[in-house]
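Okay, here's what each chain looks like letter by letter:
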Amino acid sequence: MIKIENVQKSFGHLKVLQNVSLTVDDGSVVVILGPSGSGKTTLLRSINFLERADKGTLTIGNTVVDLHNARKKEVLDIRRKTSMVFQNYNLFANKTALENITEGLITAHGVPKEKAYERAMYELQKVGLKDKADYYPNQLSGGQQQRVGIARAVALDAEVILFDEPTSALDPELVGETLSLIKEIAKEGHTMIVVTHEMSFAEDVADKVVFMDDGYVLEEGTPDKIFYKPEHERTKQFLSRILPVSDYII
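Nothing here was measured: the structure is a model prediction, and the numbers come from that model.

Trainee: Hey, could you run me through the overall build of the protein chain in this one?
Mentor: Each helix and strand in the protein chain was counted, giving nine helices and ten strands. The C-alpha atoms of the protein chain give 18 Å as radius of gyration, which agrees with the globular expectation for 250 residues (18 Å, within 12%). Seen through its C-alpha atoms, the protein chain measures out along the principal axes to roughly 55 × 45 × 30 Å. Across the protein chain, every contact between residues at least 6 apart in sequence was considered, and the portion connecting residues at least 24 apart equals 61%. If you sum the accessible surface of the protein chain, you get close to 11,900 Å²; carbon and sulfur atoms cover 47% of it. Here the protein chain contributes 30 positive and 36 negative side-chain charges, whose respective centroids are spaced 5 Å apart.

In structure tokens form, the structure reads like this:
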């Protein structure tokens, strides 16, 4: 189980996360929704220590860390238990698709080079890019780069995979194939936290949907509850603007 408790984060006078708490069961998919600037990405980055929270605790399995005061060893431990898929791919430009996947396995997890390459090729095959193993990022389309990023995240065998709006930088025709790939990963039983604006994906895949606004978690529940029986007025307002009227029930 993953437990996030009372997380706070400010940038100067701007309060981005305000006492955010969230529980993610093993093997479940939690989708976080909300308008731009609601704190969704900052929450993911705080979990992975890409941002240092001002306050809060994170529990992954038997590991409990203070998100503000965690020591370097604790940060490395959490990063080994998490992997992240970024909205802008974040691949190493000077490394091939294969090397982008093996880098973390070898340097952070101590996997022998030969086994790391075997695992990387296996994951590239799963995402349909085995024949692109020796291609550099600038030789790949946006959709292909994101698939490499997803293969990299899955290869790490992390206890939780964090997805930060994984389709936001893609051309519209590539969104569907990327979401289908993430759905397949979810079926494999990976624990996932996904920030997205793709409502149909959230409804199909999520075990729990969380709605954030202005740094707060305002509401959470099953997709059916959040999409069709929301309780908070702000949730209703948000959904009414992005869902077809016929699909939205108050």
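This is not the end of the story, as more comes after the structure.
Trainee: Before we go on, may I ask you to explain the sheet that holds strand β4 (residues 55-60) in this structure?
Mentor: Strand pairing in a sheet takes place through backbone hydrogen bonds and is either antiparallel or parallel in direction. Strands sit in the order β2-β1-β4-β5 across an open sheet of four strands; the sheet is antiparallel. Each of the sheet's edge strands pairs with one partner strand only, and the pair in question is β2 (14-24) and β5 (63-66). The sheet shows a mean angle of 15 degrees between the axes of neighbouring strands, direction not considered. Looking at chain direction, strand β1 (residues 2-11) and β4 are connected through five bridges and run antiparallel. Bridging from a neighbouring strand, Gln 8 pairs with Lys 55 of β4. The strands touched by helix α1 (residues 40-47) within the sheet are β1, β2 and β4, with β2 carrying the most contacts at an inclination of about 65 degrees.

Trainee: Would you take a moment to explain the sheet that holds strand β7 (residues 160-164) for this structure?
Mentor: In space, the six strands of this open sheet follow the order β6-β7-β8-β3-β9-β10, with mixed pairing throughout. In this open sheet, the two edge strands, each paired with only one partner strand, are β6 (82-85) and β10 (216-221). Averaged over all pairs of adjacent strands, the angle between strand axes in this sheet comes to 20 degrees, irrespective of strand direction. Where strand β9 (residues 208-213) meets β10, five bridges bridge the pair, whose relative direction is antiparallel. Within the sheet, the bridge partner assigned to Val 209 lies in β10 and is Gly 221. In this fold α1 packs onto β3 (29-33), β6, β7, β8 (192-195) and β9, with an angle of close to 145 degrees to the strand it touches most, β7.

Trainee: Looking at this model, I keep getting lost on the packing of aromatic side chains. Mind explaining?
Mentor: For any pair of aromatic rings, the description consists of the separation of the ring centres together with the inter-plane angle of the planes. Considering all chains together, one arrives at one aromatic pair under this definition. Summarising the aromatic geometry, the rings of Phe 211 and Phe 238 are spaced 5.1 Å apart at their centres and angled 45 degrees between planes, so their arrangement reads as tilted. Taken together, the positions of Phe 211 in strand β9 and Phe 238 in helix α9 (residues 233-242) put the pair 27 residues apart, joining distant regions of the chain. On the basis of relative accessibility, which here comes to 1%, the residue Phe 211 falls in the buried class. With a relative accessible area of 8%, Phe 238 lands in the buried category.

Scoring rules and cut-offs
Residues numbered from 1 in each chain as written. Predicted model: local features only at pLDDT ≥ 70, side-chain atom pairs only at ≥ 80, totals over all residues. Heavy atoms only, no water. Helix = DSSP H or I, 4+ residues; strand = E, 2+ residues; numbered from the N terminus. Rg over C-alpha atoms; globule rule 2.2 N^0.38 Å. Contact = heavy atoms within 4.5 Å. Areas by Shrake-Rupley, 256 points an atom, 1.4 Å probe, with all protein chains shown as cover. Lys, Arg positive; Asp, Glu negative; His and termini not counted. Charge placed at Lys NZ, Arg CZ, Asp CG, Glu CD. Pairing = 2+ DSSP bridges. Axes fitted to C-alpha atoms, helices over the stretch in contact; angles between N-to-C directions. Phe/Tyr/Trp six-rings, centres within 6.5 Å; stacked < 30°, edge-to-face > 60°. Buried < 20%, exposed > 50% of the residue type's maximum accessible area, 1.4 Å probe, protein only.

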